[in-house]
Amino acid sequence: MRSSLPLTSFRVDRPRNSAIPLLVSSPHSGRHYPSDFLSSAVLSSHELQQSEDRFMDRLLGDAPDFGATLLSAEFPRVWCDVNRDWREVDPGMFDPAPPEDEVLLTAKVKAGFGVIPRYVSQGRQIYGHSLNLSEIRERIATAWLPYHEALAALLSEMGARFGYAVLLEAHSMPKLPYTRPSDIVLGDVHGKSCAPEVTERVESLLESGGYSVRRNIPYSGGYITQYYGRPDQNIHAIQMEICRSLYLNTATLQPGSDFEKTRKNMQNLLAGLAEWFRCEKRSTPVSESFHQDDVPAK
C-alpha cells in the first residue's frame, strides 16, 4: 500500500493504436492512500484495501492497445468514492455538520457508503471520531471533482470526434448468493443508460469467452453510469461487475492464479469491441442523431 496521495488524483492512458470511441473508467481501483488518512483510520491496511475494486485497472490496462482510453483513479474508494453524487454525505460523520443544501440522504448514505464512506464492508467503521467539515471539501476538490472533470472532458472529446461515445465502467463484485451463479453482471440502468445493441454486444462478447452474464441484478449501474449514460445524446454508459474469484486471491488481496486468464479474456472483449466500432459498414453503432452541442456539460 502506498502511503501518499499523488499530485494527480487520476491517470489517463491514451490510445496506443487507432482510436475508438470507448472510454474505460476504473473509479475504485486506486491504491494511493494518504498518510494522514491511514493514521486516522481505526482499521488495518488490509481491511481498508478490501473496499477496493482491486486491480481492475490492471485487468483492463491493455485498453489503449485496442484504441480505447483508460481513466483510473489513483486514490482509494474508501477515502473518496467518485461513484457517488458529491452531496451523498452522512452529516453524522462531521463536526460541524455540513449545510442541509449540500446533503443528499440516499439509501447508500444511510447504509454507510456515501461519497466519504463511514464503513468498509460488513459494517466495519473506518473512523473512531468525527471528521472536520473541511475533509469533505478537501476530498471533493482534490479527488471527486478532478475525476469527473476528466471523465466529462474525455466523453465530450470522443463525441466531437466520432459522433458518439461509449463508457465502460469497470468494477468487481463478490460471489453472488444465487442458485445460478454469475461471473459478470452488466448494468445499463434497465436499458436507460445505453442503446440496447451496446449492451447486447458486450454481453455477447463476454459469453463467447465462456462467462455467465446477468443484467442489472443486483447491480443496475451506479452514479457514474446513471449520470453520464445519455443515449438520446449518443453517450452510452454500461457498468461491468466482474466476480473477484475469477482473478483475485481474496485472502491475500493479490492476483489469483487465473489473473492472466481473465486479463486475456478482457483483451478479447476489447478486441471485439474495437472490431465492432471499426466495422466499415457502420458509421455509428447506435444513432446518427448526435450533435456536438448535445454533449452534456459537467
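Residues numbered from 1 in each chain as written. Predicted model: local features only at pLDDT ≥ 70, side-chain atom pairs only at ≥ 80, totals over all residues. Heavy atoms only, no water.

### Structural notes on the nonpolar core
Side chains of nonpolar character tend, in soluble globular proteins, to be buried together.
Part 1 of the reasoning: Counting 42 residues, the largest nonpolar core has Leu-22, Val-24, Leu-60, Leu-206, Met-240 and Met-266 as the members making the most contacts within it.
Part 2 of the reasoning: Of all the elements in the fold, those that place two or more residues in this core are strand 2 (22-26), helix 3 (56-59), strand 4 (165-173), strand 5 (184-187), helix 6 (196-208), strand 7 (235-243) and helix 8 (259-277).
Part 3 of the reasoning: Broken down by element, this core gets its largest block of residues, eight residues, from helix 8.
Part 4 of the reasoning: For Leu-206, the residues in contact, after removing those within four places along its chain, are Ile-184, Leu-186, Tyr-211, Val-213, Met-240, Met-266 and Leu-269.
Part 5 of the reasoning: Core analysis: the next-biggest nonpolar cluster, separate from the first, contains 41 residues, Phe-75, Met-93, Ile-116 and Ile-126 among them. (Core = buried A, V, L, I, M, F, W, Y, C linked by side-chain atoms within 4.5 Å. Buried < 20%, exposed > 50% of the residue type's maximum accessible area, 1.4 Å probe, protein only. Helix = DSSP H or I, 4+ residues; strand = E, 2+ residues; numbered from the N terminus. Contact = heavy atoms within 4.5 Å.)

### Digging into the sheet that holds strand 7
Part 1 of the reasoning: If you walk across this open sheet you meet the seven strands as 1-3-2-4-7-5-6, and the pairing is mixed. Lying at the two open borders of the sheet, with one neighbouring strand each, are strand 1 (10-13) and strand 6 (213-215). Across this sheet, the average inter-strand angle for adjacent strands is 20°, counted without regard to direction.
Part 2 of the reasoning: Here strand 4 pairs with strand 7 via nine bridges, running parallel. Its bridge partner lying in strand 7, Leu-167 is registered against Ala-237.
Part 3 of the reasoning: In this fold helix 6 packs onto strand 4, strand 5, strand 6 and strand 7, with an angle of close to 160° to the strand it touches most, strand 6.
Part 4 of the reasoning: Against the sheet, helix 8 contacts strand 2, strand 4, strand 5 and strand 7, and its axis sits at roughly 150° relative to strand 2. (Pairing = 2+ DSSP bridges. Axes fitted to C-alpha atoms, helices over the stretch in contact; angles between N-to-C directions.)

### Description of the environment of Ala-73
Part 1 of the reasoning: Note on placement: Ala-73 falls in strand 3 (residues 69-73).
Part 2 of the reasoning: According to the relative accessible area criterion, Ala-73 is buried, its value standing at 2%.
Part 3 of the reasoning: Through-space distance from the C-alpha of Ala-73 to that of Phe-10 is 4.3 Å; in sequence the pair is 63 residues apart.
Part 4 of the reasoning: Not counting residues within four places of it along the chain, the set of residues in contact with Ala-73 comprises Ser-9, Phe-10, Ser-26, Pro-27, Ser-29, Gly-30 and Tyr-147.

### Here we look at the pairing of strand 3
Part 1 of the reasoning: Burial runs high along strand 3: five of the five residues are buried.
Part 2 of the reasoning: Going residue by residue along strand 3, you find Thr-69, Leu-71 and Ala-73 tucked away on one face and Leu-70 and Ser-72 tucked away on the opposite face as well.
Part 3 of the reasoning: As paired strands, strand 1 and strand 3 are joined by four bridges and run antiparallel to one another. Paired with Phe-10 across the strands is Ala-73, a residue of strand 3.

### Quick look at the side chain of Asp-62
Part 1 of the reasoning: Positionally, Asp-62 belongs in the loop between helix 3 and strand 3.
Part 2 of the reasoning: A distance of 2.7 Å separates the side chain of Asp-62 from the side chain of Gln-267, its partner in a polar contact.
Part 3 of the reasoning: Excluding residues within four positions of it along the chain, Asp-62 makes contact with Arg-16, Arg-263, Gln-267 and Leu-270. (Polar contact = N/O pair within 3.5 Å; in protein donor to acceptor, adjacent residues only side chain to side chain.)

### Re the pairing of strand 4
Part 1 of the reasoning: The element strand 4 is largely enclosed, with a buried count of nine among its nine residues.
Part 2 of the reasoning: Here strand 2 runs beside strand 4; their pairing, made up of four bridges, is parallel. Bridging from a neighbouring strand, Leu-23 pairs with Leu-167 of strand 4.

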